[in-house]
Amino acid sequence: MRVLDSHLHLWDPGVLTYTWLEGPLAYRFADRELELARLSAAHPEKSVFVQAETIEDDFLDEVQWVAGLAPALGIVGIVAGIRLDRGTDTVAHLEGLMAEPLVVGVRHNLQGEPDGLAVSAAFVTGAREVAARDLTFDACVRADQLPEIARFAGAIPELRIVLDHLGKPAVGTAASPLPPSAEWARDLAELARHPHTFCKLSGLPGEAGGDWNAEQLEPFLDVAADAFGIERLMWGSDWPVSAIGPAEPGDPHAPEDGSATYQPTARSRWADTVVAWAESRGHDLDALLWGNAEQFYRTAQPRQIPSDAAPRSGLRGWIRGHRG
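These lines cover the structure that appears in this document, whether it is placed above or below. Here the structure is a predicted model, which means the values were calculated and not measured.

**Brief notes about the nonpolar core**
One finds L10, F137, F152, L159, L201, L233 and W277 to be the most contacted residues of the largest nonpolar core, which totals 90 residues. The biggest single contributor to this core is helix α2 (residues 59–73), with eight residues. The contacts of L10, once residues within four sequence positions are left out, are Y18, F29, A30, L34, F49, A52, W65, L69, L73, I75 and W239. Counting residues in hydrophobic clusters, the runner-up holds twelve residues, among them L4, V48, V79 and F198.

**Brief notes about helix α6 (residues 182–192)**
Among the residues of α6, those classed as buried are W184, D187, L188, L191 and A192. Axial view of α6: buried residues confined to an arc of 140°, hence all on one face. With respect to the buried face of α6, the exposed residues turned more than 90 degrees away are A182 and R186. For α6, the secondary structure elements touched by its buried residues are α5 (146–155), β6 (161–163), β7 (197–201) and α8 (214–228).

**Observations concerning the pattern of salt bridges**
The tally for this structure, following the rule as stated, stands at 27 salt bridges. Across the pair R28 and E33 runs a salt bridge whose closest N-O atoms are separated by 3.1 Å. Judged by its relative accessible area of 23%, R28 is partly exposed. Salt-bridge contacts for R142 lead to D144; the nearest nitrogen and oxygen are separated by 3.0 Å. By relative accessible area, which is 58% here, D144 ends up exposed. One connected set of salt bridges, linked through shared partners, spans D5, E35, R38, E45 and R267.

**Considerations on the sheet that holds strand β4 (residues 103–107)**
With parallel pairing, the eight strands of this open sheet are ordered in space as β1-β2-β3-β4-β5-β6-β7-β8. Unpaired on one side and paired on the other, β1 (3–8) and β8 (233–235) mark the two borders of the sheet. Each strand of the sheet is rotated relative to its neighbour by a mean of 25°, with strand direction disregarded. With four bridges connecting them, strand β3 (residues 75–81) and β4 associate as parallel partners. What sits directly across from I78, in β4, is V103. Strands in contact with helix α9 (residues 266–281) are β1, β2 (45–50), β7 and β8; relative to β8, the strand with the most contacts, it is inclined by about 145°. Contacts between helix α10 (residues 285–297) and the sheet are confined to β1, β2, β3, β4, β5 (136–139), β6, β7 and β8, with β8 contributing the most and set at about 115° to the helix.

Criteria and cut-off values
- Residues numbered from 1 in each chain as written.
- Predicted model: local features only at pLDDT ≥ 70, side-chain atom pairs only at ≥ 80, totals over all residues.
- Heavy atoms only, no water.
- Core = buried A, V, L, I, M, F, W, Y, C linked by side-chain atoms within 4.5 Å.
- Buried < 20%, exposed > 50% of the residue type's maximum accessible area, 1.4 Å probe, protein only.
- Helix = DSSP H or I, 4+ residues; strand = E, 2+ residues; numbered from the N terminus.
- Contact = heavy atoms within 4.5 Å.
- Arc of directions from axis to C-beta.
- Salt bridge = Lys/Arg side-chain N within 4 Å of Asp/Glu carboxyl O.
- Pairing = 2+ DSSP bridges.
- Axes fitted to C-alpha atoms, helices over the stretch in contact; angles between N-to-C directions.

Okay, here's the thing in structure tokens:
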């Protein structure tokens, strides 16, 4: 089966600066590490890289770093970091991003932002600039922010929006599972009323702290399918964020104190879970694993770069005005 992972992270603290990495995540997760987490049943396996929340000054450097790794790793699209509420600075940043043909979308991570930002005049204006360039927007929000994202989607019907991680609902753990809440299901359905919105089947293992099973998470997948229809869902691994949790059975490197650690098979287990769920419901597996993400991000149609655009090696200087 062919797989286009719609939500892959990579990072290297030795190359770029991140302020949020800690514990098992505070290490390099890049080319060598990804090769050890490949999906054995996937032929071919491609990915869309989603910005990994570097500091803002490194947003463009992150794009350049990933673009350099892309050919070897099968990365066919980059969702770049951005601040959408910066007026002319937002526009200048977008122009710099347009110089890299792998950039297919942007993400201003909203999950830690104050309520109301996504529907503020400055943010909506910036998002309209994204839509004008035919780029997409990844919405990474908490479950209680879903109504705001629905209002945001209603304000910009021309912008293709994908919800990361099903809106991060509370799922509990394998031992203490939580059912989908009525509020989350209602708010997800309200967002899905906007036909230009999609949803990633990603991140739920991370919401469970890496302690999960298929029976626990399948009800959330069912709610998403009922809301969006299979044609607007796409699988994403959220690797390596969703590969942290209790040590897997037989792990020779398991911490003696029982603390969370990297789970080498987590990416494959999540893919297997979604595949088994889709097959048991008779859903279109190729659409979930490849076609919908390809359609949304338009990865089959590489963007043409004008001859006078900024050269890749000069993105940072170009964005700061050194264009000569």
